Amino acid sequence: MARNPRVLYYRLSALFLLLILVGCSNFFVGNNDVASFTISPLNPSILPAATQQFSASGVFGDGSTRDITSTATWTSSNPAIATINASGLATAVALGSTTITATDSGMNQSTTLTVSNKVVSSLAISPTSATVLTGSTQQFTATATFSDNTTSVVAATWTSSNTAVATINSSGLATGITTGTTTITATASGVTATTTLTVN
């Protein structure tokens, strides 16, 4: 007895759809699954024999943010420079740099840990506050105080807490967008400093 071509078509279509759904199931993130995560601090420097606590913050499928430091797997690319334990605590062993990597839910995030005899103790932003007009710019600089009490202007990572009010580029040049206030943050060697920018 010949099969009905239409019935066979629908059965094959259903089977094909089932195979697609099964194959793509790993791409769907549940409410309690980690969708993405970040680690901090970024690119810190520490003295020999010192320790550095790293943390991981995960964004879950339901949009919530939770600490996943204890569930992430932590590794150091060069344990001869610094080791790191299961809790994300790194210990300096020798001078040099190593890549610290956290792994969770098949995803990796990495940063560089530097062990040096001279590290950033504190960071200051100049100017300490500023006001600009819409469309105008303001140059910010970051000055680091090191462990040997010397100071120097350093390259930093710059961010604006409200980019609708003002943006800031990688060189610390901020541009006023609209009236309001934003917090400007500089980060260097894992140390941060903030200042306020007002746009009129």
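The following paragraphs examine the structure supplied in this document.

Quick notes on the rules
Residues numbered from 1 in each chain as written. Predicted model: local features only at pLDDT ≥ 70, side-chain atom pairs only at ≥ 80, totals over all residues. Heavy atoms only, no water. Pairing = 2+ DSSP bridges. Helix = DSSP H or I, 4+ residues; strand = E, 2+ residues; numbered from the N terminus. Axes fitted to C-alpha atoms, helices over the stretch in contact; angles between N-to-C directions. Contact = heavy atoms within 4.5 Å. Buried < 20%, exposed > 50% of the residue type's maximum accessible area, 1.4 Å probe, protein only. Core = buried A, V, L, I, M, F, W, Y, C linked by side-chain atoms within 4.5 Å.

1. Notes on the sheet that holds strand β18 (residues 173–176)
Consideration 1: Within the open sheet, the three strands sit side by side as β13-β18-β17. Their pairing is antiparallel. The two strands at the open ends of the sheet, each matched to only one other strand, are β13 (137–139) and β17 (166–168). Across the sheet, the axes of successive neighbouring strands diverge by a mean angle of 20°, strand direction being ignored.
Consideration 2: Where β17 meets β18, three bridges bridge the pair, whose relative direction is antiparallel. Residue Ala166 lies in a different strand from β18, and its bridge partner there is Gly176.

2. Description of the environment of Ala90
Consideration 1: Position of Ala90 among the secondary structure elements: in strand β8 (residues 89–92).
Consideration 2: Sequence-wise, Ala90 and Ser76 are 14 residues apart; in three dimensions their C-alpha atoms are separated by 8.5 Å.
Consideration 3: Not counting the four nearest positions on each side in its chain, Ala90 is found in contact with Ala50, Thr51, Gln52, Phe54, Thr83, Ile84 and Leu113.

3. A look at the pairing of β8
Consideration 1: Burial along β8 is one-sided: Ala90 and Ala92 are buried, while Leu89 and Thr91, pointing the other way, are not.
Consideration 2: Here strand β3 (residues 51–53) pairs with β8 via three bridges, running antiparallel. Bridge pairing links Gln53 to Leu89 in β8.
Consideration 3: Where strand β7 (residues 82–84) meets β8, three bridges bridge the pair, whose relative direction is antiparallel. Bridging from a neighbouring strand, Thr83 pairs with Thr91 of β8.
Consideration 4: Two successive antiparallel strands, β7 and β8, enclose a turn made up of four residues, where Gly88 displays a positive phi of approximately 85°.

4. Concerning the nonpolar core
Consideration 1: Core analysis: the largest hydrophobic core is formed by 22 residues, its most contacted members being Leu123, Phe140, Trp158, Ala186 and Leu197.
Consideration 2: Sorting the residues of this core by element identifies β11 (120–126), β12 (129–132), β14 (141–146), β17, β19 (180–188) and β20 (191–199) as the ones contributing at least two each.
Consideration 3: Broken down by element, this core gets its largest block of residues, four residues, from β20.
Consideration 4: Not counting chain neighbours up to four residues away, the residues in contact with Leu197 comprise Ala130, Thr131, Val132, Gln138, Phe140, Ala166, Ala174, Gly180, Thr181, Thr182 and Ile184.
Consideration 5: Residues Ile68, Trp74, Ala82 and Ala92 belong to the second largest nonpolar core, which totals 19 residues.

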